[in-house]
Amino acid sequence: MNIPTLVQSQKNYFATQQTKDISFRKNALKRLQKELIAREQDIIKALHDDFKKSEYEAVMTETSIVLAELKMAIKNIYSWSKPKRVLPSLLNFPSSAKIYKEPYGTVLIIAPWNYPYQLAFAPLLGAIAAGNTVVLKPSELTPNTSKITKEIIEAVFDKNHVAVVEGGVAISTELLAQRWDYIFFTGSVPVGKIVAKAAANHLTPVTLELGGKSPSIIDETANIKLAAKRLVWGKFINGGQTCIAPDYLLIHKSVKEQFIQEFKEEIFRSYGENPQNSFDFPRIVNTKNFDRLAIMLENEKCVIGGQTDRDDCYIAPTLIDEPSLDSEVMKGEIFGPILPLISYENEADIEKITAKYDKPLALYVFTNRNSFAKKMIERFSFGGGTINDTTVHFANHRLPFGGVGESGIGSYHGKKTFDTFSHHKGVVSRGTWLDVPTRYAPYKGKLQQLKTLMKLG
């Protein structure tokens, strides 16, 4: 496929104004919805073939989320697209003012491998709902999901409206060299910087959904048994390959031993004596990522887990006790089923440790003290988070999802996805029956009148 030709054909298609028609967009979303429902079992099988994701996790974290977002977009597309009337400024009297939502044009969406279906289709449907044409680049690391993504898109859309381009780094590089109207990227911080640099060449706006070292903080008042249960779920779902998974654990020293025991028992309840035999525990996506994670286990004290099998891309659910902050496991985002545990004595310790890292995508606090939770939430900057649980803020479509600083730029989910792919155009309509002379030269004697009008708004 000739990429420059594809991009130009999409730009030509957008110029016909067809995608700006709301009925056209809604019908496109309905066709997509029908195809996704029909192919759900094929999608689930592809996810299992790529990294042994269970059907339950595939439905919970991938297909159900996309279908819910799609249903919402179909239901609300007319209200979301409607120009919004806002109060006019007194300085413009007489006038009215509206915000128009218009599509950017031709957009590029680059999807990651960890949730290869959800993180491709969730932004895609928002881009379509907003009236854009789209080129979608799925991850080459999950070839089965990439293949079915391409099949679905080609069954539903004209390639001038939506197209899938498969390939590796060379294809991504060529795509980024094109001039886009918007770029939406989900992936690692280092690649996010490459995307941002490429976008800057054309002053292209971007959304970057990245990651970082997301801390979980457990104080001495927390429900330790429940905290362990929820951390096992949030950390090891998708084999730990989740951008908002707890990346390291800061725990008050007085409850550390109790937590280790509860955490161990919860792993056993969830995945059995040998998680490698569990149908519910996914694998690492490939040997390259396996090797990266295996290095983190070297010379560390694994109080739980630590077992590996390279041929099966398997790393056991692992808890590392008191790693050095300079160790491999504490240098960058882990993105695997390894959880470092570090004890603290006071809040100054928490601040000292978290200060070593850039602003994370998520933060979790486990406590029965509202004052402590409030202090942690307000003290630290992060993309989003949860008190007394992990990752579940992602499931609320009314909350924007995105990072801050190195963990990302921009946000999406629910209506916010539509807004992300829309330019909000402010328009004032002036009346002609009256023309207040204050703003016109000569200005002599008008300054006080101007100041009064400015104060009134």
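Residues numbered from 1 in each chain as written. Predicted model: local features only at pLDDT ≥ 70, side-chain atom pairs only at ≥ 80, totals over all residues. Heavy atoms only, no water.

- If you look the protein up in an unreviewed UniProt entry, it shows as Aldehyde dehydrogenase from Tenacibaculum lutimaris.
- UniProt, in its Sequence similarities (unreviewed entry) section for the protein, records the words "Belongs to the aldehyde dehydrogenase family." (UniProt positions renumbered as here; feature names shortened; annotations may be inferred.)

### So, the sheet that holds strand 15 (residues 362-366)
Next, step 1: Taken in spatial order, the seven strands make up an open sheet running 10-13-14-9-8-15-16, and their pairing is mixed. Sheet topology places strand 10 (302-304) and strand 16 (384-387) at the edges, where each strand pairs with a single neighbour. Neighbouring strand axes in the sheet, compared pairwise and without regard to direction, differ in orientation by 25 degrees on average.
Next, step 2: Note that strand 13 (residues 318-321) and strand 14 (residues 338-344) share four bridges and pair parallel. Across the sheet, Thr318 pairs through a bridge with Ile338, a residue of strand 14.
Next, step 3: Against the sheet, helix 12 (residues 347-354) touches strand 8 (215-218), strand 9 (248-252) and strand 14, its axis set at about 165 degrees to strand 9. (Pairing = 2+ DSSP bridges. Helix = DSSP H or I, 4+ residues; strand = E, 2+ residues; numbered from the N terminus. Axes fitted to C-alpha atoms, helices over the stretch in contact; angles between N-to-C directions. Contact = heavy atoms within 4.5 Å.)

### Considerations on the packing of helix 2 (residues 22-38) against helix 5 (residues 118-129)
Next, step 1: Two elements in contact, helix 2 and helix 5, have axes whose closest approach is 9 Å; the angle formed by their N-to-C orientations is 155 degrees. Put simply, helix 2 runs roughly antiparallel to helix 5. Contact residues: Arg25, Ala28, Leu29, Leu32 and Leu36 in helix 2; Phe121, Leu125, Ile128 and Ala129 in helix 5.
Next, step 2: Classifying every residue of the contact of helix 2 with helix 5 gives eight nonpolar, no polar and one charged. (Parallel < 35°, antiparallel > 145°, perpendicular 65-115°, else oblique. Nonpolar A, V, L, I, M, F, W, Y, C, P; charged D, E, K, R; others polar.)

### Quick word on helix 2
Next, step 1: With 17 residues, helix 2 ought to run about 24 Å at 1.5 Å a step, and its terminal C-alpha atoms sit 25 Å apart, in line with that.
Next, step 2: Looking only at helix 2, the buried set comprises Ile22, Phe24, Arg25, Lys26, Ala28, Leu29, Leu32 and Leu36.
Next, step 3: Between the side-chain oxygen at the start of helix 2 and the backbone nitrogen of Ser23 there is a gap of 3.2 Å, and the oxygen is on Asp21. (Expected span 1.5 Å × (residues − 1). Buried < 20%, exposed > 50% of the residue type's maximum accessible area, 1.4 Å probe, protein only. Polar contact = N/O pair within 3.5 Å; in protein donor to acceptor, adjacent residues only side chain to side chain.)

### Description of the packing of helix 3 (residues 40-51) against helix 4 (residues 55-81)
Next, step 1: Two elements in contact, helix 3 and helix 4, have axes whose closest approach is 10 Å; the angle formed by their N-to-C orientations is 110 degrees. With respect to each other, helix 3 and helix 4 are oriented roughly perpendicular. In this structure, helix 3 crosses over helix 4, and the sense of that crossing is right-handed. Between helix 3, through Glu40, Gln41, Ile43, Ile44 and Leu47, and helix 4, the contact on the second element is made entirely by Glu55, Ala58, Val59, Glu62 and Thr63.
Next, step 2: Here the contact of helix 3 with helix 4 is composed, by residue class, of five nonpolar, two polar and three charged. (Left-handed = near helix turned anticlockwise from the far one by under 90°.)

### Here we look at the pattern of salt bridges
Next, step 1: This structure, assessed with the given rule, holds 28 salt bridges.
Next, step 2: Linking Lys331 and Glu328 is a salt bridge whose minimum nitrogen-to-oxygen distance equals 3.0 Å.
Next, step 3: By relative accessible area, Glu328 is classed as partly exposed at 39%.
Next, step 4: When salt bridges with common partners are traced through the structure, they connect Glu35, Arg39, Asp42, Lys147 and Glu151 into a single cluster. (Salt bridge = Lys/Arg side-chain N within 4 Å of Asp/Glu carboxyl O.)

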